[in-house]
Amino acid sequence: MEVHKVEVVSKKQLTSKIYELNVRLVNSSNLEFKAGQCVGFHVLPETDGPDLQTKEKRLYSLTSLPEHGNELSFCVDVTPMGPGSQLVLDAKVGTQFNLEGPYGGFIVSDKTRDLLFLATGAGIAPFRSMIKDLLKSGFDKKITLLFGLRNEDDIFYHDEFSKLSEEYSNFTFIPMLSQPKGDWKGETGRITKYIEENSSKFTGYLAYICGSPEMIKDTRSLLISKGWGVRDIKIEIFH
Ligand SMILES: Cc1cc2nc3c(=O)[nH]c(=O)nc-3n(C[C@H](O)[C@H](O)[C@H](O)COP(=O)(O)OP(=O)(O)OC[C@H]3O[C@@H](n4cnc5c(N)ncnc54)[C@H](O)[C@@H]3O)c2cc1C
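Residues numbered from 1 in each chain as written. Predicted model: local features only at pLDDT ≥ 70, side-chain atom pairs only at ≥ 80, totals over all residues. Heavy atoms only, no water.

*Asks:* I would appreciate a short explanation of the site of the ligand in the present structure.
*Replies:* Not every one of the 20 residues close to the ligand is listed here, only the nearest: Arg58, Leu59, Asp77, Gly84 and Ser85. At 3.0 Å, a backbone N or O of Ser61 approaches an oxygen atom of the ligand. Between Asp77 and the ligand, the recorded distance is 2.7 Å, taken from a backbone N or O atom to an oxygen atom. For the ligand, whose free accessible area comes to 940 Å², the fraction covered by protein is 69%. Counting residues per element, the ones that place at least two in the shell around the ligand are strand 4 (57–61), strand 5 (71–77), helix 1 (83–90) and strand 12 (233–237). Counted by class, the shell around the ligand contains 11 nonpolar, 6 polar and 3 charged residues. Each of domain 1 (3–103) and domain 2 (115–237) contributes no fewer than three residues to the shell around the ligand. (Near = heavy atom within 4 Å. Polar contact = N/O pair within 3.5 Å; in protein donor to acceptor, adjacent residues only side chain to side chain. Areas by Shrake-Rupley, 256 points an atom, 1.4 Å probe, with all protein chains shown as cover. Helix = DSSP H or I, 4+ residues; strand = E, 2+ residues; numbered from the N terminus. Nonpolar A, V, L, I, M, F, W, Y, C, P; charged D, E, K, R; others polar. Domains from an automatic or database assignment.)

Rendered as structure tokens:
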């Protein structure tokens, strides 16, 4: 697997625990990847050993578009507070580190179906790349994104997806708060509640789920109970 040295171009705190990290490739010109794939950040200092497997890495999905293979973006939840989170917290403009990849088959290969994307928290990361890539490339089937967060303080990417939904008539963005604190006008509850009440609207949709192991387990079981076939559900577990 190819290793790329990257340099931090900018970092933005999106919520109390979510950071956007933008890096550029230092030596190689481009990272070839498909929307939805991830890379491994090397989180321990490099040793001279030739065996890459001995290096610790943490996986992060690319949130940027494949057409921008030199400038990569990530959305990182630092809650785990392990070395991956620490790397992001410590990163400053100019900080260099290595990453390897791309990895993963969490991509949209069947472009003939309507798509339902279900994410909580940082699980939105691969969907940002996938949805933008699909819309920009003229995908003409329907896309619905259900994005679940706890309360108003956790909201991020809201304006961006709202704008996309205004721009593209085939894209519907449904943000949900499970415990709104204020005068939230949108959907409330967990995304499973929304599916429970609205699954018939998504008959025939291919479903993509990304988030914590528990969220994926619950959402996947619910979809299956509502008639989805196992092959009609793609999952990416953030663990
Ligand atoms: C394919 C793939 C893609 C991923 N993409 C992203 C991404 O785009 N953005 C992102 O933020 N994460 C992503 N993750 C998850 C991320 O790789 C892990 O959360 C990673 O373990 C964080 O590394 P760390 O060094 O900070 O913590 P670690 O040292 O790995 O973990 C520290 C401790 O925290 C626990 N822990 C792990 N995750 C959580 C959590 N969410 N909340 C609380 N405790 C936790 C662990 O069990 C461990 O005990 C992805 C995971 C996979 C498998």
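*Asks:* Before we go on, may I ask you to explain the nonpolar core in this structure?
*Replies:* Looking at soluble globular proteins, one finds that nonpolar side chains tend to be buried together. In this structure, Phe117, Ile124, Phe127 and Leu145 are the most contacted members of the largest nonpolar core, which totals 31 residues. Contributions of two or more residues to this core are made by strand 7 (115–120), helix 2 (125–136), strand 8 (143–149), helix 3 (158–167), strand 9 (171–177) and strand 11 (206–211). Examining the composition of this core, we find that 6 residues originate from one element, helix 2, more than from any other. When residues of this core are assigned to domains, at least three map to each of domain 1 (3–103) and domain 2 (115–237). When near neighbours in sequence (up to four residues on either side) are disregarded, Phe117 contacts Val108, Phe127, Met130, Ile131, Leu134, Ile143, Thr144, Leu145, Leu146 and Tyr208. Counting residues in each nonpolar core, the second largest holds 22 residues, with Val6, Val23, Leu72 and Val88 among its members. (Core = buried A, V, L, I, M, F, W, Y, C linked by side-chain atoms within 4.5 Å. Buried < 20%, exposed > 50% of the residue type's maximum accessible area, 1.4 Å probe, protein only. Contact = heavy atoms within 4.5 Å.)

*Asks:* Would you take a moment to explain the packing of helix 4 (residues 191–198) against helix 5 (residues 213–225) for this structure?
*Replies:* Two numbers describe a pair of packed helices, the interaxial angle and the distance between the axes. As a packed pair, helix 4 and helix 5 sit with axes 10 Å apart at the nearest point and diverge in direction by 5 degrees. Considering the angle they form, helix 4 stands roughly parallel to helix 5. Contacts between helix 4 and helix 5 involve Ile191, Thr192, Ile195 and Glu196 from the first element and Met215, Asp218, Thr219, Leu222 and Leu223 from the second. For the contact of helix 4 with helix 5, a count of residues per class yields 5 nonpolar, 2 polar and 2 charged. (Axes fitted to C-alpha atoms, helices over the stretch in contact; angles between N-to-C directions. Parallel < 35°, antiparallel > 145°, perpendicular 65-115°, else oblique.)

*Asks:* Would you mind going over the sheet that holds strand 7 with me for this structure?
*Replies:* Within a beta sheet, neighbouring strands are joined by backbone hydrogen bonds and run either parallel or antiparallel to one another. Spatial strand order, 10-9-8-7-11-12: 6 strands in an open sheet with parallel pairing. The sheet is open, and its two edges are formed by strand 10 (187–188) and strand 12, each paired on a single side. Direction of pairing for strand 8 relative to strand 9: parallel, over a ladder of 7 bridges. If you follow Phe147 over to strand 9, its bridge partner there is Pro175. Taken strand by strand, helix 2 contacts strand 7, strand 8, strand 9 and strand 11, and its axis lies near 155 degrees from that of strand 7. (Pairing = 2+ DSSP bridges.)

*Asks:* It is not clear to me how the sheet that holds strand 5 should be interpreted in this structure. Could you clarify?
*Replies:* Spatial ordering of the open sheet is given by 4-3-6-1-2-5, a layout of 6 strands whose pairing is antiparallel. Every other strand in the sheet has two partners, leaving strand 4 and strand 5 as the edge strands with one partner each. On average, adjacent strands in this sheet sit at an angle of 40 degrees to one another, irrespective of strand direction. Here strand 3 (residues 38–42) runs beside strand 6 (residues 96–103); their pairing, made up of 3 bridges, is antiparallel. Note that in strand 6 the partner of Phe41 across the bridge is Leu99. Across the face of the sheet, helix 1 comes into contact with strand 1 (3–13), strand 2 (18–25), strand 3, strand 4, strand 5 and strand 6 while running at roughly 65 degrees to strand 4.

*Asks:* I would appreciate a short explanation of empty space enclosed by the protein in the present structure.
*Replies:* Gaps left between atoms are located by rolling a probe of water-molecule size over the structure's atoms. On inspection of all chains with the given rule, the structure shows 1 cavity of 30 Å³ or more. The calculated volume of the largest cavity comes to roughly 30 Å³. If you trace the largest cavity, you find it lined by Phe147, Leu149, Ile155, Phe156, His158, Phe173, Pro175 and Trp184. Broken down by secondary-structure element, the contributors of at least two residues to the lining of the largest cavity are strand 8 and strand 9. Residues belonging to the lining of the largest cavity are distributed by class as follows: 7 nonpolar, 1 polar and no charged. (1 Å grid on protein atoms, 1.4 Å probe; cavity = no way out; pocket = protein on both sides within 12 Å on 5 of 7 lines; lining within 4 Å. Points joined across faces, edges and corners; volume = space filled by probe spheres on them.)

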